[in-house]
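So you can see what is in the structure, the chains are spelled out below.
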Amino acid sequence: MSNLSYVSSHTDSPWQTYLSQVDRVLPYLGHLAHWGETLKRPKRTLIVDVPIEMDDGTVRHFEGYRVQHNLSRGPGKGGVRFHPDVTLEEVMALSAWMTVKCAGVGLPYGGAKGGIRVDPKTLSRKELERMTRRYTSEIGIIIGPQRDIPAPDVNTNGQIMAWMMDTYSMNTGSTATGVVTGKPIHLGGSLGRVKATGRGVFVTGREAAKRIGLNLQGAKVAVQGLGNVGSAAVELFVAAGAKLVAVQDHTGTLANPNGFDFNEAMAVVKREGGIGGYKNAEKIDGEAFWDVDCDILIPAALEGQITTARANRIKAKLILEGANGPTLPEADDVLKDRNILVVPDVICNAGGVTVSYFEWVQDFSSFFWTEDEINVRLDKIMVDALNHIWDTADRHKITLRTATFAVACERILIAREERGLYP
Ligand code: NAD
């Protein structure tokens, strides 16, 4: 339970999920557990009012957030989410997972996250631009290339990052490409960034599959969310010989045991904004998604999806957490008991922030790498990080999630200890 006055007591909130994940790792941190409370409170939370003029001349106010959870190992890093369900607590949890993720793969960053409570589909392009720019201006007091570097997340993309970079640059008086990552290529973006998170999901999935003797050739894959992360991951699994057998997104749930035509499915998603209109699969009830016969399940949409009840029904041998926080802590226990391997979000979806790091480095040096260089370096960082985490899990006989937290929290708290408390 949190002792922060601004946190609710909902036991299934993402922040509470994060706190119980921290509690699970403290016994493995030795004397560093002394600094454990550092992990349980965000360093800085900013709530901003974002008023904009709508196209019809009225004024609307949106609530925006930027949370810097921990900056012991470097500047804050983390995406910006536009979604009607965004809350401060959710952003806090997402920022904390960024702290763990960056430390887990060894990137020189702390963790941060931002968001606006809005359904961007209800805004015109001009309204979206005004909202993005005003939000960037409001959080401008705490972001910057050396301070905190936003990136895309749910419902944000390269165009949003371009507006954020431009607004920050206008306010500071010089072009600062390094203030955000996930930018369009000609504005200092990196090759390979758009598909990096999905590629990381595939790389960790490929390695995990090898370890449990699961052949990707013919493996059945079910995915929740065919957005940026889900589509890039599934594309690589299909290229490796796997079969996409079920998709759930905000427009519907479809299954086809013989496999979807991936290109056709993506054409429908691009054209209609979701999978709902795809013809060559059977529409099934949303809840039935969790009963689908599959080998690999990729939650790649929102958090809190794998509850205890669903964990008891899942047929997959391997779960790859493309999304952040898709599994509740009690459900984790069920999956462990059922011998279903979970590659947790904090390593599984770290490919995005890894290539964001490459983008940031390239922006500083103004020297850009080829896509092959990016993908080879990404592969190596992910495989090395996963191997180290796996060794830690084997040594302590703990899950990959607790092992990732153990590796990451040790790095974070050593930095905390070495820097010392100010003043
Ligand atoms: P996106 O906006 O591109 O896609 C989101 C997907 O989720 C869409 O397919 C949408 O239809 C689906 N969805 C939304 N509401 C749903 C619901 N109620 N039920 C089922 N599906 C629903 O977002 P994204 O960038 O692919 O991010 C997906 C997840 O991955 C998020 O948890 C995000 O935090 C995480 N993530 C993203 C990145 C990145 O680089 N984009 C990096 C790390 C983690």
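Preceding this paragraph is the structure being described.
Residues numbered from 1 in each chain as written. Predicted model: local features only at pLDDT ≥ 70, side-chain atom pairs only at ≥ 80, totals over all residues. Heavy atoms only, no water.

A. Up close: the sheet that holds strand β3 (residues 76-83). If you trace the five strands from one edge of the open sheet to the other, you get β1-β2-β4-β3-β5, paired in mixed fashion. Taken across any chain shown, the strands that pair with only one partner, and hence form the sheet edges, are β1 (44-53) and β5 (148-152). Within this sheet the neighbouring strands show an average axis-to-axis angle of 25°, counted without direction. Taken together, the six bridges between strand β2 (residues 59-70) and strand β4 (residues 111-117) define a ladder with antiparallel strand orientation. Opposite Arg66, over in β4, you have Gly114 as the bridge partner. (Pairing = 2+ DSSP bridges. Helix = DSSP H or I, 4+ residues; strand = E, 2+ residues; numbered from the N terminus. Axes fitted to C-alpha atoms, helices over the stretch in contact; angles between N-to-C directions.)

B. Representation of empty space enclosed by the protein. Summed over the entire model, instances satisfying the criterion amount to one cavity of 30 Å³ or more. If you add up the space inside the largest cavity, you get close to 30 Å³. Along its surface, the largest cavity is lined by Ala222, Phe289, Trp290, Val292, Cys294, Leu297, Ile314 and Lys315. Here the lining of the largest cavity is built from residues that sort into seven nonpolar, no polar and one charged. (1 Å grid on protein atoms, 1.4 Å probe; cavity = no way out; pocket = protein on both sides within 12 Å on 5 of 7 lines; lining within 4 Å. Points joined across faces, edges and corners; volume = space filled by probe spheres on them. Nonpolar A, V, L, I, M, F, W, Y, C, P; charged D, E, K, R; others polar.)

C. The pairing of strand β10 (residues 296-299), seen in detail. Here β10 shows two buried faces, one formed by Ile296 and Ile298 and the other by Leu297 and Pro299. Note that strand β6 (residues 220-224) and β10 share four bridges and pair parallel. Paired with Gln224 across the two strands is Pro299, which belongs to β10. Here β10 pairs with strand β11 (residues 318-320) via two bridges, running parallel. Note on β11: the bridge partner recorded for Ile296 is Leu318. (Buried < 20%, exposed > 50% of the residue type's maximum accessible area, 1.4 Å probe, protein only.)

D. Structural context of unusual backbone geometry. The linkage connecting Tyr422 with the following residue, Pro423, adopts the cis geometry, with an omega of 10°. Counting through the fold element by element, Pro423 comes out in the segment after α13 (400-419). Positive phi, close to 65°, is recorded for Asn155, a residue that is not glycine. With respect to the helices and strands, Asn155 occurs in the loop between β5 and α4 (158-172). When its relative accessible area of 33% is taken as the criterion, Asn155 is described as partly exposed. Notably, Lys397 is not glycine yet its phi reads approximately 55°, a positive angle. Overall, the relative accessible area of 70% leaves Lys397 in the exposed class.

E. Inspection of the pattern of salt bridges at higher detail. Summed over the entire model, instances satisfying the criterion amount to 29 salt bridges. Of the charged contacts, one joins Arg24 and Asp333 as a salt bridge, the two residues approaching to 2.9 Å between their closest N and O atoms. In this pair, Arg24 is assigned in helix α1 (residues 14-25) and Asp333 in helix α9 (residues 329-337), connecting sequence segments 309 residues apart. Exposure remark for Asp333: the relative accessible area of 33% places this residue in the partly exposed category. Glu207 is the partner of Lys210 in a salt bridge, and the nearest nitrogen-oxygen pair spans 3.1 Å. (Salt bridge = Lys/Arg side-chain N within 4 Å of Asp/Glu carboxyl O.)

Function cannot be read off these values alone, since they describe shape.
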